[in-house]
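# Inside the fold
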Amino acid sequence: MNTEAPTDPALREEMIATVRKWVAREVIPVASDLEHVDAYPHDLVEQMKEMGLFGITMPEEYGGLGLDLLTYIGVIEELAYGWMTLSGVLNTHTMCATLIKTYGTAAQKERWLPPMVTGTPRGALSLSEPDAGTDTRNIACRAVRDGDEWIVNGTKAWVTNGERAGIVALAARTEEGVSAFIVEKEPGPAFEGLSTSKNVGKLGYRGIETVEMAYVDHRIPADALVGEPGRGLPQILSVLEVGRINIAARAVGVARAAFDAALAYAQQRVTMGKPIGEHQAIQLKLADMATKLEAARLLTRSAAERKQAGLRCDVEAGMAKLFASEAAFEIATESMRIHGGVGYTTDLPVERYFRDAPLMIIGEGTNEIQRIVIARGLLARATET
Ligand SMILES: Cc1cc2nc3c(=O)[nH]c(=O)nc-3n(C[C@H](O)[C@H](O)[C@H](O)COP(=O)(O)OP(=O)(O)OC[C@H]3O[C@@H](n4cnc5c(N)ncnc54)[C@H](O)[C@@H]3O)c2cc1C
């Protein structure tokens, strides 16, 4: 996903515009209704498969669309504009496939990528545990070699798409340290020593399941190991760098939806004889919201450009994720305030933006941790020069 040839800008725009039109036609009319009952968007996911989105950044030799990171984040922004959950459905899958693409052997790529680009099976990324979210040093799930197999024992937490996934990128401790594995499973709640909990109830980000997964003497083949043993954390963290840029793009999508709703409402709603958009108090909000939105988009694009050029971008991805997610939360809150009472009802999607936005502050490294990543990166660069 990172250092391949950039996509032709016209093709990139065409792809993003196709998704934008699809979101307007198919997603926006149904998103709030599905979200309110926590319903998985089966039909929409099928349509995403038909558009090739599950292989959007995968090489054409494996059947993917071979498009670049800038195209990917443009698509993610459009999906999140309609319903953030759809960008989550795609991103967990893409991170799992990216791990295989980047660190897998030729045989592993041949085996897993061609089916994954079709969206069947779908992928999940399982790093976190009940006592190891930020603190990945605490990863306790173990994989022990037994002849031609590994035996996995432990509990993983917060696995988005965990039940429906057929392929899970798993971080588990081996003799050498944390290693990355690919676990194949049948979609469903239980599979040969591997069980998933019921869906965790969430404030937002509904419609997609987030589950705990318990491994009890679960056997996986020796060649399920991806990359070098003991190198699982840096491998997964490099995939998460793309994940952070993706979170920033998601945040831009949610922020844009919240801003557009506020701008439209500010022109319709009349108080004291004029549209509220003509009251200076509302104008100040709109100006601040639009400025933050534009800054978030530019930071996100700039981080993606660096990543795509193969340049180090730990600092830039962290900055984009930090700024865009905080901006999305602020813009969603301000949009609700501009809507007054109706902004607090389930009749309008503004309340959904307000519930979805905080996830971007927590996911893929909390914003507290982003600040630490940014500061350490800056200090390291200062020492290098
Ligand atoms: C809806 C949802 C979906 C998720 N999906 C996935 C997924 O698909 N795969 C996956 O692997 N994980 C997933 N996660 C897990 C997510 O990445 C973690 O929740 C996140 O990394 C934070 O870990 P934690 O919840 O254990 O919080 P903790 O690590 O316990 O942190 C608690 C608080 O302490 C702060 N803190 C912790 N350490 C420090 C420090 N050193 N300095 C300063 N502050 C600190 C944190 O910023 C936070 O404010 C998901 C989480 C959610 C909520």
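Residues numbered from 1 in each chain as written. Predicted model: local features only at pLDDT ≥ 70, side-chain atom pairs only at ≥ 80, totals over all residues.

## Things to note about the overall build of the protein
What counts is decided by this rule: Per the convention used, a helix needs a DSSP run of H or I reaching at least four residues, while a strand needs a run of E reaching at least two, with both numbered from the N terminus. Computation of the radius of gyration draws on C-alpha atoms alone. For the globule rule, the value is 2.2 Å times the number of residues to the power 0.38. Neighbour density around each residue's C-beta defines its exposure: 20 or more other C-beta atoms within 10 Å make it buried, 12 or fewer make it exposed, and counts between make it partly exposed, where C-beta atoms are placed from the backbone. Whether two residues are in contact is decided by their C-beta atoms, placed from the backbone, lying within 7 Å.
Across its full length, the protein holds ten helices and eleven strands. Whereas a compact globule of 385 residues would reach a radius of gyration of roughly 21 Å, the protein reaches 21 Å, a difference of no more than 12%. Projected onto its principal axes, the C-alpha coordinates of the protein cover approximately 80 × 55 × 40 Å. The 385 residues of the protein split such that 50% are buried. Within the protein, counting contacts between residues at least 6 apart in sequence, those at least 24 apart form 74% of the total.

## Concerning the domain arrangement of the protein
The following threshold applies: Reported domain spans reflect what an automatic or database domain assignment gives. Put simply, Ala, Val, Leu, Ile, Met, Phe, Trp, Tyr, Cys and Pro go in the nonpolar bin, Asp, Glu, Lys and Arg in the charged bin, and everything else, Gly too, in the polar bin.
Assigned domains of the protein: these are domain 1 (9-116), domain 2 (123-230) and domain 3 (233-384). Here domain 1 and domain 3 have C-alpha centroids that lie 20 Å from each other. Counting residues at the interface gives 22 residues for domain 1 and 23 residues for domain 3. Elements that contribute at least two residues to the side of domain 1 that touches domain 3 include exactly α1 (9-36), α3 (69-82) and α4 (84-103). Tallying contributions element by element places α3 first for the side of domain 1 that touches domain 3, with nine residues. When grouped by side-chain class, the residues that make up the side of domain 1 that touches domain 3 number twelve nonpolar, six polar and four charged.

## Focus on the nonpolar core
Selection criterion: A set of buried Ala, Val, Leu, Ile, Met, Phe, Trp, Tyr and Cys residues, joined through C-beta atoms within 7 Å, is what we mean by a nonpolar core.
Within the largest apolar cluster, 115 residues are counted, with the highest numbers of intra-cluster contacts made by F181, A248, A251, V254, A255, A258 and A328. Considering every element that reaches this core, the biggest residue donor is helix α6 (residues 232-268), with 19 residues.

## Quick word on the site of the ligand
Inclusion rule: Any residue whose C-beta atom, as set from the backbone, lies within 6 Å of a molecule or strand is reported as near that molecule or strand.
The environment of the ligand is formed by 22 residues, the closest being G133, T134, T160, T366 and E368. Those elements giving two or more residues to the shell around the ligand turn out to be β1 (123-126), β3 (149-160), α9 (350-362) and α10 (367-384). Top contributing element to the shell around the ligand by residue count: β3, with three residues. Partitioned by chemical class, the residues of the shell around the ligand number eight nonpolar, ten polar and four charged. In this structure, the shell around the ligand is formed jointly by two domains, domain 2 (123-230) and domain 3 (233-384), each of which donates at least three residues.

## What to know about the packing of α3 against helix α7 (residues 280-308)
To keep it simple, the criterion reads: Fitted lines through C-alpha atoms give the axes, limited to the stretch in contact for helices. The angle between two N-to-C directions lies from 0 to 180 degrees. These descriptions rest on fixed angle ranges, namely under 35 degrees for roughly parallel, over 145 for roughly antiparallel, 65 to 115 for roughly perpendicular, and the rest for oblique. The crossing is said to be left-handed when, going from far helix to near helix, the turn is anticlockwise and less than a right angle, and right-handed when the turn is clockwise.
The interhelical angle for the contact between α3 and α7, taken along N-to-C directions, is 150 degrees, at an axis separation of 9 Å. The orientation of α3 with respect to α7, classified from their angle, is roughly antiparallel. Considering how the two elements wind past one another, α3 and α7 form a crossing that is right-handed. Each of L69, L70 and I73 in α3 lies in contact with α7, whose residues at this interface are T300, A304, E305, K307 and Q308. Of the residues belonging to the contact of α3 with α7, the class tally is four nonpolar, two polar and two charged.

## Here's the deal with the packing of α7 against helix α8 (residues 314-338)
As a packed pair, α7 and α8 sit with axes 9 Å apart at the nearest point and diverge in direction by 155 degrees. Compared by their axis directions, α7 and α8 come out roughly antiparallel. In this structure, the crossing between α7 and α8 has a hand that is left-handed.

## Considerations on the environment of R12
Mapped onto the elements, R12 comes out in helix α1. Of the residues examined, R12 has 18 C-beta atoms within 10 Å and is grouped as partly exposed. When sequence neighbours within four positions are dropped, the list of residues in contact with R12 reads T7, L70, T71 and G74.

## Let's talk about the pairing of strand β5 (residues 177-184)
How we decide: Any two strands with at least two DSSP-identified bridges between them are counted as paired.
Across the eight residues that make up β5, a large majority, six, are buried. Alignment of strand β4 (residues 167-174) against β5, held across eight bridges, turns out to be antiparallel. From the neighbouring strand, R173 faces β5, where its bridge partner is V178. Here β4 folds back onto β5, and the loop between the two strands holds two residues. Relative to strand β9 (residues 225-226), β5 is paired through two bridges, and the arrangement is antiparallel. What sits directly across from F181, in β9, is L225.

## Focus: α8
The periodicity of an α-helix, 3.6 residues per turn, causes residues three or four positions apart to be oriented the same way. To keep it simple, the criterion reads: A helix is expected to span 1.5 Å multiplied by its residue count minus one.
Helix length check: α8 (25 residues) gives 36 Å between terminal C-alpha atoms against 36 Å at 1.5 Å per residue, within 8%. The buried count for α8 comes to 20 of 25 residues, which makes it a mostly enclosed element.

## Considering the environment of G341
Within the secondary structure, G341 sits in the loop between α8 and α9. Assessed through the 6 C-beta atoms surrounding it within 10 Å, G341 is described here as exposed. Residues G341 and H218 lie 123 residues apart in sequence; the distance between their C-alpha atoms is 52 Å.

## Structural notes on the pairing of β1
What you see with β1 is no split at all: G123 and L125 on one side and A124 and S126 on the other are buried throughout. Pairing analysis gives four bridges linking β1 to β4, with the strands arranged parallel. In the sheet register, A124 faces β4, and the bridge partner there is V168.

## A few points about unusual backbone geometry
Backbone torsion omega between T120 and P121 reads 5 degrees, so that peptide bond is classified as cis. Locating P121 in the fold gives a position in the loop between α5 (106-116) and β1. A positive phi is found at M272, a non-glycine position, where the angle reads about 50 degrees. Within the element layout of this structure, M272 appears in the loop between β10 (270-271) and β11 (274-275). According to the C-beta neighbour criterion, M272 is exposed, with 7 such atoms within 10 Å.

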